[in-house]
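Residue-level structure breakdown
Read off the chains here:
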Amino acid sequence: MTVNQLADRLFSAIANGDRATVASMWSDDIAVWRTDGRRDPTTCDDKTRALRVIDWFLSTTATRGYQILDRQVFENGFVQQHVLHATGHGGQSIAMRVCIVIKVDTEGLINQIDEYFDPAELAPLLRQ
């Protein structure tokens, strides 16, 4: 699988609410860092914690989609800018601009995610 195919598969799985595919694409020692404004920015999440975030997002949203603005592939990974569009079960919506850097290990599993976004853009989803 090429890096572009891996990226397409990951974002398609999230858009379709397919947690199992997301989990299968991540290495057991994945490090995830995001600018969520709630934690020390030097802290990385382990796989269990990162999957809880995915679970929350999938259970909070009724629809999800990615408008990819740019993707640049590099050796063992990619950087992507996108707008994440999502609608909550109560009809609230977001259009959150994100920059994400994803690295892949030698076995083709995602082992590092660095995600940059404005956490204030998630506010509509926090209001149920």
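See the structure above.
Residues numbered from 1 in each chain as written. Predicted model: local features only at pLDDT ≥ 70, side-chain atom pairs only at ≥ 80, totals over all residues. Heavy atoms only, no water.

What follows covers the environment of G65. Looking at where G65 falls in the secondary structure, it is placed in strand 2 (residues 61-74). Each residue touching G65, except ones within four places of it in the same chain, is listed here: V83, L84 and H85. (Helix = DSSP H or I, 4+ residues; strand = E, 2+ residues; numbered from the N terminus. Contact = heavy atoms within 4.5 Å.)

What follows deals with the nonpolar core. One recurring pattern in soluble globular proteins is that nonpolar side chains are buried together. Among the nonpolar cores identified, the biggest contains 31 residues, and L10, V22, W26, I102, I110 and I113 are the most heavily contacted of them. Mapped onto this core, the elements with two or more residues apiece are helix 1 (3-15), helix 2 (19-25), strand 1 (26-34), helix 3 (47-60), strand 3 (77-88), strand 4 (93-104) and strand 5 (110-117). Once residues within four sequence positions are removed from consideration, I110 is found in contact with L6, L10, M25, W26, S27, I30, I102, K103 and V104. (Core = buried A, V, L, I, M, F, W, Y, C linked by side-chain atoms within 4.5 Å. Buried < 20%, exposed > 50% of the residue type's maximum accessible area, 1.4 Å probe, protein only.)

A word on the sheet that holds strand 3. What holds strands together in a sheet is hydrogen bonding between their backbones, with the strands either parallel or antiparallel. Pairing is mixed across the open sheet formed by five strands, whose spatial order is 1-5-4-3-2. What marks the edges here is a single partner per strand, and that holds for strand 1 and strand 2. Across this sheet, the average inter-strand angle for adjacent strands is 25 degrees, counted without regard to direction. In this sheet, strand 5 lies alongside strand 4 in antiparallel orientation, the contact comprising seven bridges. The residue of strand 5 that forms the bridge with K103 is Q112. Here helix 1 sits on the sheet and contacts strand 1, strand 2, strand 3, strand 4 and strand 5; the angle it forms with strand 2, its principal contact strand, is near 165 degrees. (Pairing = 2+ DSSP bridges. Axes fitted to C-alpha atoms, helices over the stretch in contact; angles between N-to-C directions.)

Our focus in this paragraph is the pattern of salt bridges. Summed over all chains, the structure comprises three salt bridges. Between R19 and D55 there is a salt bridge, with the nearest N and O atoms lying 2.5 Å from each other. A residue pair is termed long-range when its members are at least 10 positions apart, and R19 in helix 2 and D55 in helix 3 qualify at 36 residues. D28 is paired through a salt bridge with K47; the nearest N and O atoms lie 3.3 Å apart. Of this pair, D28 sits in strand 1 while K47 sits in helix 3, and the two are 19 residues apart along the sequence. Given a relative accessible area of 69%, D28 falls into the exposed group. (Salt bridge = Lys/Arg side-chain N within 4 Å of Asp/Glu carboxyl O.)

Scanning the model with the defined rule gives four aromatic pairs in all. A network of ring pairs unites the aromatic residues F11, Y66 and F78 as a single cluster. For the cation-ring pair, R71 lies above F78, with the distance from its terminal atom to the ring centre recorded as 5.6 Å. (Phe/Tyr/Trp six-rings, centres within 6.5 Å; stacked < 30°, edge-to-face > 60°. Lys NZ or Arg CZ within 6 Å of the ring centre and 35° of its normal.)

Another point: the environment of R64. Its location among the elements puts R64 in strand 2. For the pair R64 and V104, spaced 40 residues apart in the sequence, the C-alpha separation amounts to 24 Å. Each residue touching R64, except ones within four places of it in the same chain, is listed here: I14, A15, N16, G17, F57, L58, H85 and A86. In this structure the side chain of R64 is engaged in a polar contact, spanning 3.0 Å, whose partner is the backbone oxygen of I14. (Polar contact = N/O pair within 3.5 Å; in protein donor to acceptor, adjacent residues only side chain to side chain.)

Here we take up helix 3. In this model, helix 3 (14 residues) spans 20 Å end to end at C-alpha, consistent with the 20 Å of a helix rising 1.5 Å per residue. Along helix 3, the positions that sit buried rather than exposed are K47, A50, L51, I54, F57, L58 and T60. Against helix 1, helix 2, strand 1, strand 2, strand 3 and helix 4 (123-126) lie the buried residues of helix 3. (Expected span 1.5 Å × (residues − 1).)

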